[in-house]
Amino acid sequence: MKLITAVIKPFKLEDLREALDRIGVHGMTVNEVKGYGRQKGHTEIYRGAEYEVRFLPKVRIEIAVPDNRAGDVVETVERVARTGQIGDGKIFVTSLERAVRIRTGEADDDAL
């Protein structure tokens with residue numbers, strides 16, 4: 001099993017959910033987060049005062065999938081979340097040792 005963690009721009013979330021649904025991936029965990037990378041924030045003006053926003057709003061998505069689905073999910077996230085602009089985000093793929101569905105006790109691939 002693999003755990004795919006993606007950090008993307010917030011306005012891409014619904015498009016990504018729909019695209020993953022179309023390829024048969026029906027579950028994910030979503031967190032609103034803040035961060036920065038090469039983008040390093042930006043300057044905004046509020047009530048005439050200029051201030052620097054160093055941490056930008058992002059969405060962190062976690063998706064657990066069987067090993068054979070990881071490539072499709074990564075490709076879908078990359079395609080849908082890409083705007084071509086700096087700050088599009090990152091995708092991380094890690095091995096998932098064990099998963100258990102609490103309600104039924106099903107484990108590993110059956111729990112996904």
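Relevant structure appears above.
This is a predicted model, so every value here is computed, not measured. (Residues numbered from 1 in each chain as written. Predicted model: local features only at pLDDT ≥ 70, side-chain atom pairs only at ≥ 80, totals over all residues. Heavy atoms only, no water.)

A. How the structure looks around the overall build of the protein chain. When helices and strands are counted, the protein chain shows 2 helices and 6 strands. The secondary structure elements of the protein chain, listed N-terminal to C-terminal, are β-α-β-β-β-β-α-β. The globule rule puts the C-alpha radius of gyration for 112 residues at 13 Å, and the 17 Å found for the protein chain is more than 25% above it. Each of the 112 residues in the protein chain was classed as buried or not, and the buried ones make up 27%. Within the protein chain, contacts between residues at least 6 apart in sequence are counted, and of these 70% link residues at least 24 apart. Accessible surface computed for the protein chain: about 7,800 Å², of which carbon and sulfur atoms make up 47%. (Helix = DSSP H or I, 4+ residues; strand = E, 2+ residues; numbered from the N terminus. Rg over C-alpha atoms; globule rule 2.2 N^0.38 Å. Buried < 20%, exposed > 50% of the residue type's maximum accessible area, 1.4 Å probe, protein only. Contact = heavy atoms within 4.5 Å. Areas by Shrake-Rupley, 256 points an atom, 1.4 Å probe, with all protein chains shown as cover.)

B. Up close: the sheet that holds strand S5 (residues 56-65). Pairing within the open sheet is antiparallel, and its 4 strands lie in the order S2-S5-S1-S6. Single-partner strands in this sheet number two, and they are strand S2 (29-35) and strand S6 (89-95). For this sheet, the mean angle separating the axes of adjacent strands, direction not counted, is 20°. Relative to S6, strand S1 (residues 2-8) runs antiparallel, the two sharing 7 bridges. If you follow Ala 6 over to S6, its bridge partner there is Ile 91. Sitting on the sheet, helix H1 (residues 13-22) touches S1, S2 and S5, and the angle it makes with S5 is about 15°. Where helix H2 (residues 70-81) meets the sheet, its contacts fall on S1, S5 and S6, and the angle it forms with S1 comes to roughly 5°. (Pairing = 2+ DSSP bridges. Axes fitted to C-alpha atoms, helices over the stretch in contact; angles between N-to-C directions.)

C. Geometry of the packing of H1 against H2. Where H1 contacts H2, the axes come no closer than 10 Å and their chain directions differ by 145°. The hand of the H1/H2 crossing is right-handed. Contacts between H1 and H2 pair Asp 15, Leu 16, Ala 19 and Leu 20 from the former with Val 73, Thr 76, Val 77 and Val 80 from the latter. When the residues that make up the contact of H1 with H2 are grouped by side-chain class, the tally is 6 nonpolar, 1 polar and 1 charged. (Left-handed = near helix turned anticlockwise from the far one by under 90°. Nonpolar A, V, L, I, M, F, W, Y, C, P; charged D, E, K, R; others polar.)

D. Molecular detail of the nonpolar core. Core analysis: the largest hydrophobic core is formed by 16 residues, its most contacted members being Ile 8, Leu 16, Leu 20, Ile 61, Ile 63, Val 65 and Val 73. Sorting the residues of this core by element identifies S1, H1, S5 and H2 as the ones contributing at least two each. Broken down by element, this core gets its largest block of residues, 5 residues, from H2. (Core = buried A, V, L, I, M, F, W, Y, C linked by side-chain atoms within 4.5 Å.)

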